[in-house]
Amino acid sequence: LTVKSSALTVVKNSSFANISYAPGSSGVKLAEFVLQASNADDINVNTITLNLAGTTTDVQNLRIQKSDGTQLGNSVGSPSATGNTYTISGFTINKAQSVALGIYGDIASGAVAAGTTTVSIASSGISATGVSSSVAVTGAADGAVAGQIVTIASPTLIITKDSNSPASKIII
């Protein structure tokens, strides 16, 4: 008889890079995390707590979505630097499987260009339960897991003359 303990691993998804958005951008992905259940039990996720670092007032309507677009929990209209907790129901990660979760939000129209923010899953910020075992499982138990760096940037347009363009002439 082998007794296994349920575990939930949380990491930043390295396939989603740091990114820049212009003030006023809405519904943009701010971070992406991968949650992986151990092979001991399916995991029911009950709550996820997110923190923001940097220019936190530039982010609004913070929400969590699965890769299929399903939103988990409610949106937080004006997120604070710490303790943005989402209560989730009906979200199970099958044993030995991974699920990508995107963190989405809006960049305030008055956001300061050159500001940065980073969303993280708080230390011990995921509360979950083993489906068969009913054992409490904590994600990010070893410390907060920081997501991608989001830079607020003013959009620019650069216009240059193509080197193959003909010389300009006025024809009458």
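Parameters at a glance
Residues numbered from 1 in each chain as written. Predicted model: local features only at pLDDT ≥ 70, side-chain atom pairs only at ≥ 80, totals over all residues. Heavy atoms only, no water. Helix = DSSP H or I, 4+ residues; strand = E, 2+ residues; numbered from the N terminus. Rg over C-alpha atoms; globule rule 2.2 N^0.38 Å. Buried < 20%, exposed > 50% of the residue type's maximum accessible area, 1.4 Å probe, protein only. Contact = heavy atoms within 4.5 Å. Pairing = 2+ DSSP bridges. Core = buried A, V, L, I, M, F, W, Y, C linked by side-chain atoms within 4.5 Å. Polar contact = N/O pair within 3.5 Å; in protein donor to acceptor, adjacent residues only side chain to side chain.

Visitor: It is not clear to me how the overall build of the chain should be interpreted in this structure. Could you clarify?
Guide: Helix and strand counts for the chain stand at 0 helices and 12 strands. Going residue by residue from the N terminus, the α and β elements of the chain occur as β-β-β-β-β-β-β-β-β-β-β-β. Relative to the globule expectation of 16 Å for 172 residues, the C-alpha radius of gyration of the chain, 21 Å, shows a markedly less compact shape. Dimensions along the principal axes, computed over C-alpha positions, put the chain at roughly 95 × 35 × 25 Å. Counting across all 172 residues of the chain, residues that qualify as buried make up 40%. Here the analysis covers contacts within the chain between residues at least 6 apart in sequence; of these, 79% occur between residues at least 24 apart.

Visitor: Help me understand the pairing of strand E9 (residues 98-107) in this model?
Guide: For E9, the tally of buried residues reaches 8 of 10 residues, placing the bulk of the element in the interior. With 8 bridges joining them, strand E3 (residues 28-37) and E9 adopt antiparallel strand pairing. Among the inter-strand pairings, Val28 is bridged to a residue of E9, identified as Gly105. Taken together, the 6 bridges between strand E5 (residues 59-66) and E9 define a ladder with antiparallel strand orientation. Residue pairing across strands places Gln60 opposite Asp106, the latter belonging to E9.

Visitor: Honestly, the environment of Ala128 in this entry has me stumped. Any pointers?
Guide: Note that Ala128 resides in strand E10 (residues 116-130). By relative accessible area, Ala128 is classed as buried at 2%. For the pair Ala128 and Ile88, spaced 40 residues apart in sequence, the C-alpha separation works out to 9.9 Å. For Ala128, the residues in contact, after removing those within four places along its chain, are Leu8, Ile43, Asn44, Val45, Asn46, Val135, Ala136 and Val137.

Visitor: What's the story with the nonpolar core in this structure? I'm lost.
Guide: In this structure, Leu30, Leu50 and Leu62 are the most contacted members of the largest nonpolar core, which totals 38 residues. For this core, the elements supplying multiple residues, two or more each, are strand E1 (8-12), E3, strand E4 (43-54), E5, strand E6 (71-76), E9, E10 and strand E12 (145-152).

Visitor: Looking at this structure, how should I read the side chain of Glu32?
Guide: Of note, Glu32 is situated in strand E3. Within the structure, Glu32 has its side chain in polar contact with the side chain of Asn13 (distance 2.4 Å). Among the polar contacts made by the side chain of Glu32, one reaches the side chain of Lys29 at a distance of 2.7 Å. When residues no more than four places from it in sequence are discounted, the contact partners of Glu32 are Lys12, Asn13, Phe16, Ala100, Leu101, Gly102 and Gln148.

Visitor: Quick question: what am I supposed to make of unusual backbone geometry here?
Guide: For residues other than glycine, phi is negative in most cases, and the peptide bonds are mostly trans. Residue Asn61 is not a glycine yet carries a positive backbone phi of 55°. Residue position: Asn61 is located in strand E5. Note on Asn61: relative accessible area 28%, which makes it partly exposed. Backbone geometry at Ala114 places phi at a positive 80°, although glycine is not the residue there. Tracing the chain through its elements places Ala114 in the loop between E9 and E10.

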